[in-house]
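Spelled out, the chains give:
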Amino acid sequence: MRILIVEDEIDLCDTIAEGLQIDGYAVDTCYRGDVAYELISTETYDLVVLDLNLPGMDGIDILSEVRKTNKDLKILILSARSSVSDKVLGLDIGANDYLSKPFAFEELVARIRNLLRRSFLQENAVLLWNEISLNTVGRTVSVNGIDVTMTKKELALLEYFLLNQSKVISQEELMEHIWNMEADSFSNAVRVHIASLRKKLKIALGYDPIATKIGEGYYLNGGKSLC
């Protein structure tokens, strides 16, 4: 999943981003409110972690403007403003969650996981499809109960497939949700990582669970053709 961190404390912003990247998320960072609003308006994000005290544009103003046109984007406020009135204001304007500073990184990650599950109408921490099981908390994958070792990108791709089991997913959509804005959209990164994921799953399953619909993208087929 792709996340934007908006935080004017550069060291804190970069530390949060590094921790989330270790967990397999694609992360962009921004230190100014006006730049953040432009990014949110032009890029595709699954979730935004938003500070309130920002140069250029206040976080509350960003939230208010974003909600005029985008009701679905998950926004978690992370702020030193910890009064009840600040929390009520943020949630009333449209934040999906509010976490006060100082905070524990583990709690932030847990709240992010919870919000992303809601985005995809996924209630459980474990994603299932046929013989495949993906634990979104432990970041582990198993096939028929046997662990399958995967790279972070392979795991992120598989997670996105499992969250979108009934649709054909284009290469462009995968690039938007699994890679950050520094990625080269003209590279063959998606095809390379899809190929390595398919190889591992085929060895574990005995068949290739990911099929290609020419001109459209990839889908989970369970060994069956999509007409």
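Attention in this report is confined to the structure presented alongside it. Quick caveat, the model's predicted, so the values are computed rather than measured.

Put simply, Lys-101 and Pro-102 share a cis peptide bond, and its omega is -5°. Looking at where Pro-102 falls in the secondary structure, it is placed in the loop between β5 (97–100) and α5 (105–119). Positive phi values are uncommon outside glycine, yet Asn-130 reaches one of about 50°. For Arg-139, which is not glycine, the phi torsion reads 55° and is therefore positive. Structurally, Arg-139 is set in the loop between β7 (132–135) and β8 (140–143).

Let us now look at the sheet that holds β8. The strand order across the open sheet formed by four strands is β6-β7-β8-β9, and the pairing between neighbours is antiparallel. The open sheet is flanked by β6 (126–129) and β9 (146–147), the only strands paired with a single partner. Bridging between β8 and β9 involves two bridges; their strand directions are antiparallel. From the neighbouring strand, Val-143 faces β9, where its bridge partner is Ile-146. Across the sheet, helix α6 (residues 152–163) touches β6, β7 and β8, and the angle it forms with β7 is around 110°.

On to α6, then. For α6, which comprises twelve residues, the first-to-last C-alpha distance of 16 Å matches the rise-based estimate of 16 Å (1.5 Å per residue) to within 8%. Within α6, ten of the twelve residues are buried, leaving the element largely enclosed by the surrounding structure. The complete set of buried residues in α6 reads Glu-154, Leu-155, Ala-156, Leu-157, Leu-158, Glu-159, Tyr-160, Phe-161, Leu-162 and Leu-163.

Here Asp-51 is to be found in the loop between β3 (47–50) and α3 (59–69). Its relative accessible area of 4% is what places Asp-51 among the buried residues. Sequence spacing of Asp-51 and Ile-169 is 118 residues, and the spatial spacing of their C-alpha atoms is 32 Å. Not counting residues within four places of it along the chain, the set of residues in contact with Asp-51 comprises Val-6, Glu-7, Asp-8, Gly-59, Leu-78, Ser-79 and Lys-101.

To continue, consider the packing of aromatic side chains. One pass over the structure, following the stated rule, counts zero aromatic pairs. One cation-aromatic arrangement involves Arg-139 over Tyr-25; the distance from NZ or CZ to the ring centre is 6.0 Å.

Glancing now at the pairing of strand β1 (residues 2–6). In the case of a regular strand, side chains alternate between the two sheet surfaces. Most of β1 sits out of view: five of its five residues are buried. Residues Arg-2, Leu-4 and Val-6 line one face of β1 and the alternating positions Ile-3 and Ile-5 line the opposite face, and both faces are buried. With five bridges connecting them, β1 and strand β2 (residues 26–30) associate as parallel partners. Bridge pairing in β2 links Ile-5 to Thr-29. Both β1 and β3 contribute to a ladder of four bridges, which runs parallel. By the bridge assignment, Ile-3 is partnered in β3 with Leu-47.

Conventions we followed
Residues numbered from 1 in each chain as written. Predicted model: local features only at pLDDT ≥ 70, side-chain atom pairs only at ≥ 80, totals over all residues. Heavy atoms only, no water. Helix = DSSP H or I, 4+ residues; strand = E, 2+ residues; numbered from the N terminus. Pairing = 2+ DSSP bridges. Contact = heavy atoms within 4.5 Å. Axes fitted to C-alpha atoms, helices over the stretch in contact; angles between N-to-C directions. Expected span 1.5 Å × (residues − 1). Buried < 20%, exposed > 50% of the residue type's maximum accessible area, 1.4 Å probe, protein only. Phe/Tyr/Trp six-rings, centres within 6.5 Å; stacked < 30°, edge-to-face > 60°. Lys NZ or Arg CZ within 6 Å of the ring centre and 35° of its normal.

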